[in-house]
Amino acid sequence: MSKIKKIKSRQILDSRGNPTVEVDVITENNILGRASVPSGTSKGIEEAFELRDECEFFLGKGVFKAVQNVNNIISPELIGKSVMEQEYIDQLMLDLDGTKNKKRLGSNAILGISLAVTKAASKELKLPLYRYIGGISSKILPVPLINIINGGKHSDSCIPFQEFMIIPVKANSFFESIQMGHKVFYKLRELLRKKGFSTNLGDEGGFAPNLFNIEDVLDNLLESIYMANYEPYDHIGLALDCAASEFYSDNQYNYSKFDRRKNKKIIKKSSQEHVNYLSYLVKRYPILSIEDGMDQNDWEGWKLLTDEIGNNVQLVGDDLFVTKIERLNKGIKKGIANSILIKVNQVGTLTETVNTINLAKKNRYNNIISHRSGDTEDSFIADLSVAFNTGQIKTGSICRSERTSKYNQLFRIEEILGKNSCYPGWTFH
């Protein structure tokens, strides 16, 4: 009764109002597995291919081609297959696509089915999704990296770095970590309003004030931490997502690329100068994690950064690794970074995602499960983080339903696990 009876796809809207793919997988037992596919703004050049219509409808961002590929090409090949055969189904779709980067059918078409199959299988076995994916050892609740200020492509501010996050270091449970983040978030809003800055929200739910520079942002974050009666390092740490590829060109890091002020001063740094600046920030502020500190193809710069601060700070490869084994293997061999951001839509199937997670674990690289800037209410990544005991999750701010849906699912999981749950907190090695 676990065989697939029907697969149906449709176009829905993501958190930014852009179209994305949703897939229903229905078994012969009338069990429904439904999944929706997220989409990013700043994307690594090696990400799996996201198929868009590129016509007048939805300003060229429609996904009707991907939907048709699900309904007309992939679906007939999967009818009658068991939802319990995840690896087989994922490989069948890869073979059906036949391209290196899923350019024929679209990773958004393939991923929607891959995740929907997993959900249907967990329901068939009457198991929580995290338990079905990860097994009986799945019990660790992740530390949230909470987006609190947006910059770069995620806002209209002049701040070049894309995300500024807080990490609740000294919490006794996942629930308490969100409670701490909530307090700092709203103290920051109070502070920004007092100083006359906008408290409008960016793509991922963080505030998007037009602050003067990076250090101005960090100073305001410190002030909001103190206002919440917490201590930096001891209670709350900071994390950066530089998204450095977005302001890297001609072998330089152009900090003024996102500066929209008139008469702006052009600030460009070499790889070494950029590394020196990040090192300076780490010494001055309670920064525990830096994501995409260097450009995705600046391998020499990444090595410089890793050698400079990699023993003391979590260095996360996002655009650098794009959740792909080949890129991660290259980083491991070169001694670059010490952590990887895991985004299911960067690689395109659950099987490939799991393989990358396992390779990272084997080589003592931290896994951080992550959302995308264009996300949906689908809470799959919450279960994924617990399934593999990754210990960290990045799902945006603590407001906007496409972000809070993941936190709410983790509340439920922590409640279900009860005394068997584990929240080790910040454990960067």
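Just above sits the structure.
Criteria and thresholds
Residues numbered from 1 in each chain as written. Predicted model: local features only at pLDDT ≥ 70, side-chain atom pairs only at ≥ 80, totals over all residues. Heavy atoms only, no water. Buried < 20%, exposed > 50% of the residue type's maximum accessible area, 1.4 Å probe, protein only. Helix = DSSP H or I, 4+ residues; strand = E, 2+ residues; numbered from the N terminus. Arc of directions from axis to C-beta. Contact = heavy atoms within 4.5 Å. Phe/Tyr/Trp six-rings, centres within 6.5 Å; stacked < 30°, edge-to-face > 60°. Lys NZ or Arg CZ within 6 Å of the ring centre and 35° of its normal. Pairing = 2+ DSSP bridges. Axes fitted to C-alpha atoms, helices over the stretch in contact; angles between N-to-C directions. Parallel < 35°, antiparallel > 145°, perpendicular 65-115°, else oblique. Left-handed = near helix turned anticlockwise from the far one by under 90°. Nonpolar A, V, L, I, M, F, W, Y, C, P; charged D, E, K, R; others polar. Patch = residues over 30% accessible without salt bridge, like charges linked within 9 Å, V, L, I, M, F, W, Y side chains within 5 Å. Areas by Shrake-Rupley, 256 points an atom, 1.4 Å probe, with all protein chains shown as cover. Salt bridge = Lys/Arg side-chain N within 4 Å of Asp/Glu carboxyl O.

### What to know about helix H9 (residues 325-334)
For step 1, the next point in the chain: Along H9, the residues classified as buried are Arg 327, Leu 328, Gly 331 and Ile 332. Viewed along the axis of H9, the buried residues span an arc of 140°, placing them on a single side of the element. The exposed residues of H9 that point more than 90 degrees off its buried face are Glu 326 and Lys 333.
For step 2, the next point in the chain: Those residues of H9 that are buried are in contact with helix H8 (299-309), strand S12 (339-342) and helix H11 (350-362).

### Focus on the packing of aromatic side chains
Where two aromatic rings form a pair, the distance of their centres and the angle of their planes describe that pair.
For step 1, the next point in the chain: This model, assessed by the stated rule, comprises 14 aromatic pairs.
For step 2, the next point in the chain: Each ring, one from Phe 161 and one from Phe 247, has its centre 6.0 Å from the other, and the planes form 25°; the classification is stacked. Of this pair, Phe 161 sits in the loop between strand S4 (143-150) and strand S5 (163-168) while Phe 247 sits in the loop between strand S6 (236-241) and strand S7 (248-249), and the two are 86 residues apart along the sequence.
For step 3, the next point in the chain: A relative accessible area of 1% places Phe 247 in the buried class.
For step 4, the next point in the chain: Here the aromatic rings of Tyr 255 and Tyr 277 are separated by 5.7 Å at their centres, their planes lie at 80°, and the arrangement is edge-to-face. A residue pair is termed long-range when its members are at least 10 positions apart, and Tyr 255 in the loop between strand S8 (252-254) and strand S9 (268-269) and Tyr 277 in helix H7 (residues 271-284) qualify at 22 residues. Across this residue pair, the class does not change: Tyr 255 and Tyr 277 are buried.
For step 5, the next point in the chain: The structure contains a cluster of three or more aromatic residues connected by ring pairs, namely Phe 161, Phe 164, Phe 247, Tyr 248, Tyr 253, Tyr 255, Tyr 277 and Tyr 280.
For step 6, the next point in the chain: Note that Lys 269 overlies the ring of Tyr 277, its terminal NZ or CZ placed 5.2 Å from the centroid.

### Some details on the sheet that holds strand S1 (residues 4-13)
For step 1, the next point in the chain: The strand order across the open sheet built from three strands is S1-S2-S3, with neighbouring strands paired in antiparallel fashion. Of all strands in the sheet, those with a lone pairing partner are S1 and strand S3 (32-36), marking the two edges. Sheet twist, expressed as the average angle between the axes of neighbouring strands with direction ignored, equals 15°.
For step 2, the next point in the chain: As defined by bridge partners, S1 adjoins strand S2 (residues 19-27) across nine bridges and the pair is classed as antiparallel. Within S2, the position partnered with Ile 12 by the bridge is Thr 20.

### So, the packing of helix H6 (residues 214-227) against H7
For step 1, the next point in the chain: Axis separation between H6 and H7 bottoms out at 12 Å; the angle between their running directions is 15°. Taken together, the axis directions place H6 and H7 in an arrangement best described as roughly parallel. Between H6 and H7 lies a crossing whose hand is right-handed. Packed against H6, whose contacting residues are Ile 214, Glu 215, Leu 218 and Asp 219, the element H7 presents Tyr 277, Tyr 280, Leu 281 and Arg 284 at the interface.
For step 2, the next point in the chain: In the contact of H6 with H7, the residues fall into five nonpolar, no polar and three charged.

### So, the sheet that holds S8
For step 1, the next point in the chain: What the three strands build is an open sheet, ordered S7-S8-S9; its pairing is antiparallel. Each end of this open sheet is capped by a strand with a single partner; those strands are S7 and S9.

### Topic: a nonpolar patch on the surface
For step 1, the next point in the chain: A cluster of nonpolar side chains, Leu 13, Phe 57, Phe 58 and Phe 64, forms an exposed patch at the surface whose accessible area comes to about 420 Å².
For step 2, the next point in the chain: Along the chain, Phe 57 falls in the loop between S3 and helix H1 (64-78).

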